[in-house]
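# Architecture at a glance
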Amino acid sequence: MTVDDDVWVGAWRPHKPRGAIAALYSSPGPKYALPGSTGINNHDPSKLKGPAFSFGTRHHIFSSECSPGPGYLVPANITRVGRDGTPAYSLYSRRKDPQVFQTPGPGRYFPEHSGKITYLSAPAYSLSARRRGFRNDQTPGPAAYMLPPMLGPNTVNKTSAPNFSLTGRSKIGSFHEDLQKTPGPGSYRVVDPCIYTQKSPQYSMIGRNSMPGDNTRKPGPGAHHPEQVTFTRRKAPSFSFGVRHSEFIAPLIADVHE
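Counting starts from 1 at the beginning of each chain's written sequence and moves along it residue by residue. The model is predicted, so local features are restricted to residues of pLDDT at least 70 and side-chain atom pairs to those at 80 or more, both for listing and for counting; the totals for chains, interfaces and linings are taken over all residues. Excluded from the side-chain calculations are hydrogens and water; all other atoms, namely the structure's heavy atoms, are used.

### Re the overall build of the chain
In plain terms, the rule: Secondary structure follows DSSP: runs of H or I at least 4 residues long count as helices, runs of E at least 2 residues long count as strands, and numbering of each begins at the N terminus. The cut-offs for exposure are 20% and 50% of the maximum accessible area for each residue type, with area from a 1.4 Å probe on protein chains only; residues under the lower value are buried, those over the upper are exposed, and the others partly exposed. Contacts are residue-level and defined by heavy atoms, with any inter-residue pair within 4.5 Å sufficient. Areas reported as accessible are Shrake-Rupley estimates using a 1.4 Å probe. Residue values count occlusion only from the protein chains shown.
A count of helical and extended segments in the chain gives two helices and two strands. Shown N-terminal to C-terminal, the secondary structure of the chain runs as helices and strands in the order β-β-α-α. Taking all 258 residues of the chain together, the buried fraction comes to 2%. Considering only intrachain contacts with a sequence separation of at least 6, the fraction spanning at least 24 residues in the chain is 0%. Carbon together with sulfur atoms contributes 58% to the accessible area of the chain, which is approximately 29300 Å² in total.

Below, the structure written as structure tokens:
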């Protein structure tokens with residue numbers, strides 16, 4: 001028995017557990033995935049939200065000349081009369097010098113090329129291609145005009161002599177005419193005699209047209225029975241042999257009103 005054994009009571013000693021137990025894992029505690037009831041973002045919709053106010057950020061100062069107001073963050077180089085005259089230096093690269101105007105010298109001028117702008121010059125001509133506008137010019141040339149002819153029957157201001165023409169011989173009435181092509185009596189249309197004589201009356205047979213009227217069926221003489229009329233004369237007594245009914249039988253009710 002060692003000194004460490006006196007610390008523990010009973011037979012229990014620290015040892016490695018044989019399996020995982022719940023005591024080895026930390027509990028998340030009262031941390032649930034429910035929306036909170038404080039703040040603006042992700043607020044619980046079932047809870048009443050009170051008014052919320054925020055602290056805005058300070059506006060950016062665009063330049064040193066802007067007045068900061070009554071004593072807020074006044075720069076050290078600002079005095080009551082403006083910025084102080086202390087020179088300030090910065091570590092920036094030197095700007096490029098502006099390009100100097102290159103004044104041309106005497107050798108840059110060519111007065112001999114001035115031409116007719118300053119001196120009188122002889123006319124000069126050049127051989128160049130014809131412009132496109134001349135190709136579309138449809139001006140007729142001298143050969144496009146034709147004088148009226150002096151021969152033939154179509155003269156304008158001259159008297160024309162008689163003209164004769166030589167044409168081919170016609171086959172109609174000639175010795176070689178084909179008489180088989182002559183139309184026969186059936187080829188002519190017979191003229192209606194009513195055109196040149198008195199026209200006789202004409203009749204046609206068409207269907208009979210019925211006059212409009214009542215198309216209902218009318219009773220004939222045999223359909224009437226005057227011996228059976230009882231409205232205008234007395235009726236003889238009539239008897240019938242029926243079935244005797246009981247006084248206790250309820251009458252038949254056929255029409256039932258709902």
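### Describing unusual backbone geometry
Backbone geometry places N42, a non-glycine residue, at a positive phi of 55 degrees. The residue N42 is located in the segment before β1 (78-79) in this model.

### Side note on the confidence of the model for the chain
Keep this limit in mind: A score between 0 and 100, pLDDT records how confident the predictor is in each residue.
This prediction gives the chain a mean pLDDT of 77; 79% of its residues lie at or above 70. Per-element confidence in the chain is highest for helix α2 (residues 193-196), whose mean pLDDT is 88, and lowest for helix α1 (residues 132-135), whose mean pLDDT is 60.

### What to know about the pattern of salt bridges
Heads up, the rule is: Here a salt bridge means any side-chain nitrogen of Lys or Arg lying within 4 Å of a carboxyl oxygen belonging to Asp or Glu.
The tally for this structure, following the rule as stated, stands at one salt bridge. Between D214 and K218 there is a salt bridge, and its shortest N-O distance comes to 3.4 Å. Across this residue pair, the class does not change: D214 and K218 are exposed.

### Comments concerning the environment of K47
Relative to the helices and strands, K47 resides in the segment before β1. Each C-alpha atom, one on K47 and one on S37, is 6.4 Å from the other, the two residues being ten residues apart in sequence.

### Section: the side chain of T155
Our working rule: N or O atoms closer than or at 3.5 Å make up a polar contact, with two conditions inside protein: a donor-capable atom paired with an acceptor-capable one, and, for residues adjacent in sequence, both atoms drawn from side chains.
Inspection of the secondary structure assignment puts T155 in the loop between α1 and α2. A distance of 2.9 Å separates a polar atom in the side chain of T155 from the backbone oxygen of K158.

### Some remarks on a nonpolar patch on the surface
Stated precisely, the cut-off is as follows: To count toward a patch, a residue needs a relative accessible area over 30% and no salt bridge; like charges are then connected within 9 Å, while nonpolar side chains (Val, Leu, Ile, Met, Phe, Trp, Tyr) are connected within 5 Å.
Taken together, V7, W8 and W12 make up a surface patch of nonpolar side chains, about 350 Å² in accessible area. Examined against the element boundaries, W12 turns out to sit in the segment before β1.

### A word on the side chain of H43
Topologically, H43 is positioned in the segment before β1. A residue is classified by how much of its surface remains accessible, and H43, at 13% relative accessible area, is buried. Side-chain polar atoms of H43 contact the backbone oxygen of S37, separated by 3.1 Å. Those residues in contact with H43 that lie beyond four places of it in its chain are P35, G36, S37, T38, L48 and K49.

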